[in-house]
Amino acid sequence: MRIIGITGTIGAGKGTIVEYLTNHYHFRHYSVRAYLIEEIKRRGLGIDRDSMVLVANDLRANHSPSFIVDQLFDQAKTNGQDAIIESIRTPGEIHSLREKGNFILLAVDAKPELRYQRIIVRNSETDNITFETFLENEKREMETSDPNKQNLSECIKQADFVLRNDHNFQFLFTQVDEIIKSI
């Protein structure tokens, strides 16, 4: 079983890569976002980015920095199929998955203005925000010294492959194809 983790900035194209890997390479998708939404509902909170950050940080602080992805990895292991875990947010998650073996980390990024346009079109529960709020959310999640909080900057630095998604789908998918061939 191969495990691919995916990290990256907000709206960079993580979901697009996941969809491509599941449709073309038959990876099974495990979503941190979906896991958190279930936990947020269980706690009776509103589904927004603040709740996601709050709940994720709480789970990590009360269990371990890798708690959420460890839960998803266990699901993947039970299934036994190649898996992609979206969205890696802490170095502790990366460390835990690397210890489990046969793991690679992809990071994806694009220009902020383009990413903001994408989240507006995506229109999920967490995407109805201004551009200024979008930038503030990203800044909050970019760096920290707390191992239980999001540190996208460090996750991107630890990626085995960094993809740019400033162009069309084919440009992105060609990058993914080259990575899959190399692993």
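Residues numbered from 1 in each chain as written. Predicted model: local features only at pLDDT ≥ 70, side-chain atom pairs only at ≥ 80, totals over all residues. Heavy atoms only, no water.

J.: Looking at this model, I keep getting lost on the overall build of the protein. Mind explaining?
T.: Helix and strand counts for the protein come out as nine helices and five strands. The order of α-helices and β-strands along the protein, N terminus first, is β-α-β-α-α-α-β-α-β-α-α-α-β-α. Its C-alpha atoms give the protein a radius of gyration of 15 Å, near enough to 16 Å, the size a compact globule of 183 residues would have. Taking the principal axes of its C-alpha atoms as reference, the protein extends roughly 40 × 35 × 30 Å. With 183 residues in all, the protein has 49% of them scored as buried. Taking the contacts inside the protein whose residues are at least 6 apart along the sequence as the reference set, 72% of them involve residues at least 24 apart. When the accessible surface of the protein is split by element, carbon and sulfur atoms take 49% of a total near 9000 Å². Averaging the locations of the 23 positively and 27 negatively charged side chains of the protein gives two centres separated by 1 Å. (Helix = DSSP H or I, 4+ residues; strand = E, 2+ residues; numbered from the N terminus. Rg over C-alpha atoms; globule rule 2.2 N^0.38 Å. Buried < 20%, exposed > 50% of the residue type's maximum accessible area, 1.4 Å probe, protein only. Contact = heavy atoms within 4.5 Å. Areas by Shrake-Rupley, 256 points an atom, 1.4 Å probe, with all protein chains shown as cover. Lys, Arg positive; Asp, Glu negative; His and termini not counted. Charge placed at Lys NZ, Arg CZ, Asp CG, Glu CD.)

J.: Whenever I open this one, the sheet that holds strand β3 (residues 83-86) confuses me. Can you help?
T.: Strand pairing in a sheet relies on backbone hydrogen bonds. The paired strands run either parallel or antiparallel. With parallel pairing, the five strands of this open sheet are ordered in space as β2-β3-β1-β4-β5. Looking along the sheet, the strands with just one partner apiece sit at the ends: β2 (28-31) and β5 (161-164). Geometrically, the sheet is characterised by an average inter-axis angle of 25° between neighbouring strands, direction not taken into account. Relative to β3, strand β1 (residues 3-8) is paired through four bridges, and the arrangement is parallel. Directly across from Ile6, in β3, lies its bridge partner Glu86. Along the sheet, helix α4 (residues 67-79) makes contact with β1, β2 and β3, crossing β2 at roughly 160°. On the sheet, helix α9 (residues 169-182) packs against β1, β4 (103-109) and β5 and is oriented at approximately 165° with respect to β5. (Pairing = 2+ DSSP bridges. Axes fitted to C-alpha atoms, helices over the stretch in contact; angles between N-to-C directions.)

J.: Can you help me understand helix α2 (residues 32-43) in this one?
T.: Think of an α-helix as turning once every 3.6 residues; residues three or four places apart then point the same way. Compared with the 16 Å implied by 1.5 Å per residue over twelve residues, the 16 Å span of α2 between its first and last C-alpha is a close match. Burial in α2 covers these residues: Val32, Leu36, Ile37, Glu39 and Ile40. An end-on view of α2 places all buried positions within 165° of arc, on one side of the element. Taken together, the buried residues of α2 touch β2, α3 (49-62), α4 and β3. Capping the start of α2, Ser31 holds a side-chain oxygen 3.2 Å from the backbone nitrogen of Arg33, two or three residues further along. At the C-terminal side of α2, Gly44 shows a positive phi close to 75°. (Expected span 1.5 Å × (residues − 1). Arc of directions from axis to C-beta. Polar contact = N/O pair within 3.5 Å; in protein donor to acceptor, adjacent residues only side chain to side chain.)

J.: Help me understand the confidence of the model for the protein, please; the structure alone is not making it clear to me.
T.: Do not read the predicted coordinates in detail wherever pLDDT is low. For the protein, per-residue confidence averages 94 on the pLDDT scale, and residues scoring 70 or more make up 100% of the total. Here helix α7 (residues 131-142) stands out as the element of the protein with the lowest mean pLDDT, 91, in contrast to β4, whose mean of 98 is the highest. (pLDDT = per-residue confidence, 0-100.)

J.: Even after reading the chapter, I still don't get the pattern of salt bridges, so can you show me in this structure?
T.: If the charged atoms of two oppositely charged side chains come close together, the side chains can form a pair. Under the criterion given, the structure shown has 16 salt bridges. Its salt-bridge partner being Arg2, residue Asp82 comes within 2.8 Å of it at the nearest N-O pair. Note that Asp82 is positioned in the loop between α4 and β3 and Arg2 in the segment before β1, a separation of 80 residues in sequence. Taking relative accessible area as the criterion, Arg2 reaches 24% and is therefore assigned partly exposed. Close ionic contact of Asp166 with Arg164 constitutes a salt bridge, the shortest N to O distance being 2.5 Å. By relative accessible area, which is 34% here, Arg164 ends up partly exposed. If you follow the salt bridges from partner to partner, you end up with Arg49, Asp50, Arg89, Arg140 and Glu141 in one network. (Salt bridge = Lys/Arg side-chain N within 4 Å of Asp/Glu carboxyl O.)

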